Amino acid sequence: MLDIISRLRKTTNPPEAKPLPDSQPIRFGILGAATIGPMAIIAPAKSLSEAVIYAVAARDKDRAAQYAKKHGIEKVFGGPSGYQGATQLPNGLHYEWTMKALAAGKHVLLEKPAANTAEETRQMFDSAEKKGLVLLEAVHYRFHPAVHRAKAILESGELGPIKSTHSSLAMPRGLFNPTNDIRFNYSVGGGALMDMGCYTIGPISVVSVEHELSSPQVDRKTTAKFELPGGITSTIMCDLSMPPYLGFVPNMPTFTVVVECEKGQLEMFNYVAPHFMHSISIKPVGKKGRVEKVYKYPDGEDWHSTYRHQLEAFVSKVKGRTPRTWVTREDSIKNMEVIESVYAKSGLGSRPKSRYVPSD
Ligand SMILES: NC(=O)C1=CN([C@@H]2O[C@H](COP(=O)(O)OP(=O)(O)OC[C@H]3O[C@@H](n4cnc5c(N)ncnc54)[C@H](OP(=O)(O)O)[C@@H]3O)[C@@H](O)[C@H]2O)C=CC1
Ligand SMILES: O=C1OC[C@@H](O)[C@H](O)[C@H]1O
């Protein structure tokens, strides 16, 4: 327990990094005075010598100014040059503001899911490639050593070939307000599948879908079954507002993946935010099981969050180095294709395409 508190404390309030003598920090401008900002980029940047949160832009300048003051950000709105972008806007605005940032010559760290459609995602990556800029969808958990370890166990053959996977991501009712949270707002790209389902899928074909709706086009909860190459089946469940157990006992958030293999099972608890706490339970058939926990890379710290590893990778890429992990153009496009295929199968349809038309 003390370990968890200590990690949490250092993750949210990390020691400040000193500038490097031979490398200029990359200056970031944040688009949106967003809730996720402090955890996803502001705190991580404090402990990275090569990143500075330099500017924040918001629709309401006063709000941006308050946010800047609270988080020690120098510029409000920022200028057209000299900093890179991080878009923390609702999903439906990712395309417009990423295209604008790329057009202004900025590298972009883009919140998940990449956009409302696969076609918009393709266009953003085309634009970034044309201009030689870095664009990364923030699928942050993929950068954490615990997730690398779980993958390595599965790839080692210890548990044999994968037969099926089941991933559940669910938040208790009351955490997000259905009347004003972006997650429940169709016009800005809401839906459980967009918000949390985007973490659960890969290059897979949907077989069946069930949704529970919070409004006519917004899935509060989605469960879907997929088929992967090699006869592997995969199910996902994502819920923005789990009803209380027995009608009154609040649920804990659920972030679990279970992988059934021919020679055993791997279950990872909290794969989305493993830096707080996680466990990887390995249960080989007929043998004693074990639990592994991996909080750090050999050259890292146990309080380095998924977001901090992600930011480090982004900065490395911008600086021309090769990051340990990357989320590719193909990953992001495929993810959106699968999300759209699930919405198509359920009849809800894709989230609305952006009306923004890029000028070049
Ligand atoms: N990586 C992660 O772990 C997480 C990622 N996310 C992702 O980050 C993004 C932002 O999420 P979160 O911080 O929770 O969102 P917020 O509710 O804080 O909204 C983010 C920003 O979006 C703008 N905004 C809010 N509502 C509207 C609206 N109705 N129309 C237009 N703009 C609006 C506001 O910009 P302004 O400040 O200009 O008013 C706001 O600051 C999403 O894409 C989400 O999927 C979210 C949580 C966790
Ligand atoms: O990590 C996350 O967990 C909760 C979600 O609602 C959020 O948007 C997501 O990114």
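Reading the values: the criteria
Note on numbering: residues in each chain are counted from 1, in written sequence order. As a convention, the first chain written is A and the first ligand written is 1, with the rest following in written order. Residues qualify for local features only when their pLDDT is at least 70, as the model is predicted, and side-chain atom pairs are given and counted only at 80 or more; totals for whole chains, interfaces and linings, by contrast, use all residues. Hydrogens are left out, water is left out, and the side-chain values use all remaining heavy atoms of the structure. In this description a helix means any DSSP run of H or I spanning at least four residues, a strand means any run of E spanning at least two, and both kinds are numbered starting from the N terminus. Restricting the calculation to C-alpha atoms gives the radius of gyration, and the globule rule supplies 2.2 Å times the number of residues raised to the power 0.38. Between buried and exposed lies partly exposed: a residue is buried under 20% and exposed over 50% of the maximum accessible area for its type, with that area taken using a 1.4 Å probe on protein chains only. The contact definition used throughout considers only heavy atoms, calling two residues in contact when any of these lie within 4.5 Å. Methods summary: accessible areas were calculated by the Shrake-Rupley approach with a probe of 1.4 Å, and residue burial reflects only the protein chains presented. Only four residue types enter the charge count: Lys and Arg as positive, Asp and Glu as negative, with His and the chain ends excluded. By convention, the point assigned to a charge is CZ for Arg, NZ for Lys, CD for Glu and CG for Asp. Salt bridges are identified by distance alone: a Lys or Arg side-chain nitrogen within 4 Å of an Asp or Glu carboxyl oxygen. To form a nonpolar core, buried Ala, Val, Leu, Ile, Met, Phe, Trp, Tyr and Cys residues must be joined to one another through side-chain atoms within 4.5 Å. Nearness is judged by heavy atoms alone; a residue qualifies as near a molecule or strand once a single heavy atom is within 4 Å of it. Any N or O atom pair separated by 3.5 Å or less is treated as a polar contact, with the protein-specific requirement of one donor-capable and one acceptor-capable atom, and with residues adjacent in sequence counted only for side-chain atom pairs. Amino acids are sorted into nonpolar (Ala, Val, Leu, Ile, Met, Phe, Trp, Tyr, Cys and Pro), charged (Asp, Glu, Lys and Arg) and polar (every other residue, Gly among them). Disulfides are defined in this document as cysteine sulfur pairs within 2.5 Å. A pair of strands is treated as paired once DSSP finds two or more bridges between them.

A. Highlighting the overall build of the protein chain. Tallying secondary structure elements over the protein chain gives 9 helices and 14 strands in all. Taken over the C-alpha trace, the protein chain has a radius of gyration of 20 Å; the compact-globule value for 360 residues is 21 Å, and the two agree within 12%. In the protein chain, which comprises 360 residues, the share counted as buried stands at 52%. For the protein chain, restricting intrachain contacts to residue pairs at least 6 apart in sequence, the fraction spanning at least 24 positions comes to 68%. Of the roughly 17200 Å² of accessible surface on the protein chain, 54% is carried by carbon and sulfur atoms. With 45 positive and 36 negative side-chain charges, the protein chain shows a spacing of 3 Å between the two charge centroids.

B. Structural detail: the pattern of salt bridges. Summed over the entire model, instances satisfying the criterion amount to 20 salt bridges. Of the charged contacts in the structure, one is a salt bridge between Arg 290 and Glu 158, with a shortest N-O distance of 2.7 Å. Pair noted here: Arg 290 is in strand β14 (residues 290–292) and Glu 158 is in the loop between α6 (145–156) and β7 (162–172), with a separation of 132 residues, a long-range link. Look at Arg 290 and you get partly exposed, because its relative accessible area is 30%. Given the relative accessible area of 31%, Glu 158 is considered partly exposed.

C. Local environment of the nonpolar core. Of all hydrophobic cores here, the largest spans 72 residues; its most connected members are Phe 28, Ile 41 and Met 268. Here this core takes 6 residues from helix α9 (residues 329–346), the largest share from any one element. Residues in contact with Ile 41, not counting those within four places in the same chain, are Phe 28, Ile 30, Ile 53, Ala 86, Gln 88, Leu 109 and Leu 311. Membership of the second largest hydrophobic core comes to 13 residues, among which are Met 99, Ala 114, Met 124 and Leu 135.

D. Structural view of the site of ligand 1. Lining the immediate environment of ligand 1, one finds 24 residues, of which Thr 35, Arg 59, Arg 63, Asn 91 and Tyr 307 sit closest. Interatomic distance of 2.8 Å between a side-chain N/O atom of Asn 91 and an oxygen atom of ligand 1. Residue Lys 112 places a main-chain N or O atom 2.8 Å away from an oxygen atom belonging to ligand 1. Relative to its free-state accessible area of 890 Å², ligand 1 is covered by the protein chains to the extent of 84%. In terms of residues, the shell around ligand 1 owes the most to one element, helix α4 (residues 91–103), which gives 3 residues. For the shell around ligand 1, the per-class residue count stands at 11 nonpolar, 7 polar and 6 charged.

E. Structural view of the state of the cysteines. The tally for this structure, following the rule as stated, stands at 0 disulfides. In this model Cys 198 remains outside any disulfide bridge; the closest cysteine sulfur is found in Cys 238, 8.7 Å from its own. The exposure class of Cys 198 is buried, given its relative accessible area of 3%.

F. The arrangement of the site of ligand 2 in detail. Every residue lining ligand 2 is accounted for by Lys 112, Met 171, Phe 176, Arg 183, Asp 195, Met 196, Tyr 199 and Val 272. In this structure, Asp 195 approaches ligand 2 through a side-chain N or O atom, which is 2.5 Å from an oxygen atom. When isolated, ligand 2 has an accessible area of 270 Å², and the protein chains bury 84% of it. Of the residues contributing to the shell around ligand 2, the split by class is 5 nonpolar, no polar and 3 charged.

G. The arrangement of the sheet that holds strand β6 (residues 135–137) in detail. Strands sit in the order β3-β2-β1-β4-β5-β6 across an open sheet of 6 strands; the sheet is parallel. Every other strand in the sheet has two partners, leaving β3 (75–76) and β6 as the edge strands with one partner each. The pairing of strand β5 (residues 108–110) with β6 spans 3 bridges and is classified as parallel. When the sheet's bridge partners are listed, Val 108 is paired in β6 with Leu 135.

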